[in-house]
Amino acid sequence: MLAQLAGAKQIAKDLLESRRWPDRPQTINVEITAACDARCIHCPRFDMDRPMKAMAMDLFQRLIDQAGALKVPYLCPNGYGEICTIPVSGLEAYLEVIASSGHRFKVLINSNGHRMTEDRSALFVKHGVRLVNVTIDGATAATAEAIRRNLSFERVEANVKRLLALRDAMGATYPKVRVGMIAMPQTIPEVEPFLARWRGVADFVGIGGFSSRLTSVASAGRASSHIPVSEPPAGRRARACVLPFRDLNVWADGKVVLCCEDWNEELVIGDLRSQTLDAIWHGDAIGRVRASHLQGAGTDVALCARCDSWQRPSGGARLWS
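Reading the values: rules and limits
- For every chain, the first residue of its written sequence is number 1, and the numbers climb from 1 along that sequence.
- With pLDDT at 70 or above as the cut-off, local features in this predicted model cover only qualifying residues; side-chain atom pairs require 80 or more to be listed or tallied, and sums for whole chains, interfaces and linings still use all residues.
- Note: side-chain values were computed over all heavy atoms of the structure, leaving out hydrogens and water.
- For the exposure calls, accessible area comes from a 1.4 Å probe over protein chains only, and a residue counts as buried if that area is under 20% of its type's maximum, exposed if over 50%, partly exposed in between.
- Secondary structure is summarised from DSSP: a helix means a run of H or I of at least four residues, a strand means a run of E of at least two, and numbering begins at the N terminus for each.
- In short, DSSP must find at least two bridges between two strands for them to pair.
- Aromatic pairs are defined between Phe, Tyr and Trp rings, using the six-membered ring for Trp, whenever the two ring centres lie within 6.5 Å; interplanar angles under 30 degrees are classed as stacked, those over 60 as edge-to-face, and all others as tilted.
- Our definition puts a charge over a ring when NZ of Lys or CZ of Arg is within 6 Å of the ring centre and also within 35 degrees of the ring normal.
- In this analysis an axis means a line fitted to C-alpha atoms, helices contributing only their contacting stretch, and an angle means the value between N-to-C directions, from 0 to 180 degrees.
- Any pair of residues with heavy atoms lying within 4.5 Å of one another is described as a contacting pair.
- By nonpolar core is meant a set of buried Ala, Val, Leu, Ile, Met, Phe, Trp, Tyr and Cys residues that side-chain atoms within 4.5 Å join together.

1. Some thoughts on the pairing of strand S5 (residues 131-135)
Burial analysis of S5 places five of its five residues in the buried class, which makes it a mostly covered element. Pairing geometry for strand S4 (residues 106-111) and S5, over four bridges, is parallel. Across the sheet, Leu108 pairs through a bridge with Leu131, a residue of S5.

2. A closer look at the packing of aromatic side chains
Overall, the coordinates contain two aromatic pairs when judged by the stated rule. Arranged with centres 5.1 Å apart and planes meeting at 85 degrees, the rings of Phe60 and Tyr94 form a pair that is edge-to-face. A residue pair is termed long-range when its members are at least 10 positions apart, and Phe60 in helix H2 (residues 57-70) and Tyr94 in helix H3 (residues 88-99) qualify at 34 residues. Its guanidinium or amino end placed over the ring of Tyr174, Lys176 lies 5.8 Å from that ring's centre, counting from NZ or CZ. A cation over a ring is seen here: Arg290 above Trp281, with NZ or CZ 4.3 Å from the ring centre.

3. Here's the deal with the sheet that holds strand S11 (residues 268-271)
Taking strand neighbours across the sheet as the criterion, the nine strands line up as S8-S7-S5-S4-S3-S1-S9-S10-S11 in an open arrangement whose pairing is mixed. In this open sheet, the two strands that pair with only one neighbour each are strand S8 (204-208) and S11. Adjacent strand axes in the sheet meet at a mean angle of 25 degrees when their direction is disregarded. Inspection of the sheet shows strand S1 (residues 27-30) paired to strand S3 (residues 74-76) by three bridges, in the parallel sense. Each bridged residue has a counterpart across the sheet, and for Thr27 the counterpart in S3 is Tyr74. Packing against the sheet, H2 makes contact with S1, S3 and strand S9 (247-250), and its axis sits at approximately 175 degrees to S1.

4. Considerations on the nonpolar core
A general trend in soluble globular proteins is that nonpolar side chains are found buried together. Ranked by size, the top nonpolar core spans 78 residues in total, and within it Ile28, Phe60, Leu63, Phe124, Ile136, Leu258 and Leu277 carry the most contacts. Looking at this core, the element that brings in the most residues is H2, giving six residues. Excluding its chain neighbours within four sequence positions, the residues that come into contact with Leu258 are Pro244, Asn249, Leu267, Ile269, Ile286, Val289, Val301, Leu303 and Cys304. Core analysis: the next-biggest nonpolar cluster, separate from the first, contains five residues, Ile41, Ile147, Met184 and Phe210 among them.

This is how it looks when you write it as structure tokens:
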């Protein structure tokens, strides 16, 4: 019942805010870095052809200036990297650029929590980050560390609790802290223990849906290959995906891709190094995708046809939604 209520509230919110989407994105997902310290079994990032490096500061400044001019409400420094791998001084420089904008963004950060040290947590509080979402994927060390390899379950949990304590000690309201787990065969037996472990500790706790990352996780032949993936149904559907109408995704090299599932830049709709955000948002490339979805032909787009995050039977969901 609570999940249905939350879904209904999100739909109502989208309907209200969608009046502005034709003018500008509701959210910009910007991959400040494509580097990560984990090797999660349900992430295809090590198959990426693109460099695993940080976004150049001048390019990031350009993005913030243009996003601010468009009055984009939400800024998510997320992608296929881990923001806490950036050295503290570098991370502060990125956050200072956001803070110096004349526009006040609501900043939402995803992290695996492993390198969320006290000094990084202090930066999140200092700069008024709206939400920090940490995905742990298990109520026990055995489960979590088998899924999110190279990470310490004990360390991640301690870092989350320290962020909460630090925020409260500084008398701050933000960031709110969400702890999440992705529902997959390994974690489903631990759903109730996970919820019990974090209720009353974190501000929000929840279970997110599994995404096949355009079927790459199931076909990669790694340890993750046993994760069952529901293939999208054949044929056209009347239902349209909301993401091309709401979000813009800028990866660390400046390429703008169709959606957050496009980890390897298969459908590039623009390049921030040579175009403006406004031109990309109103460009022909994303316009053609929107038209297909509006006509009930979203599966005519090759990328969308492989995606399980918008078609039934869909278990996919972005945790920062």
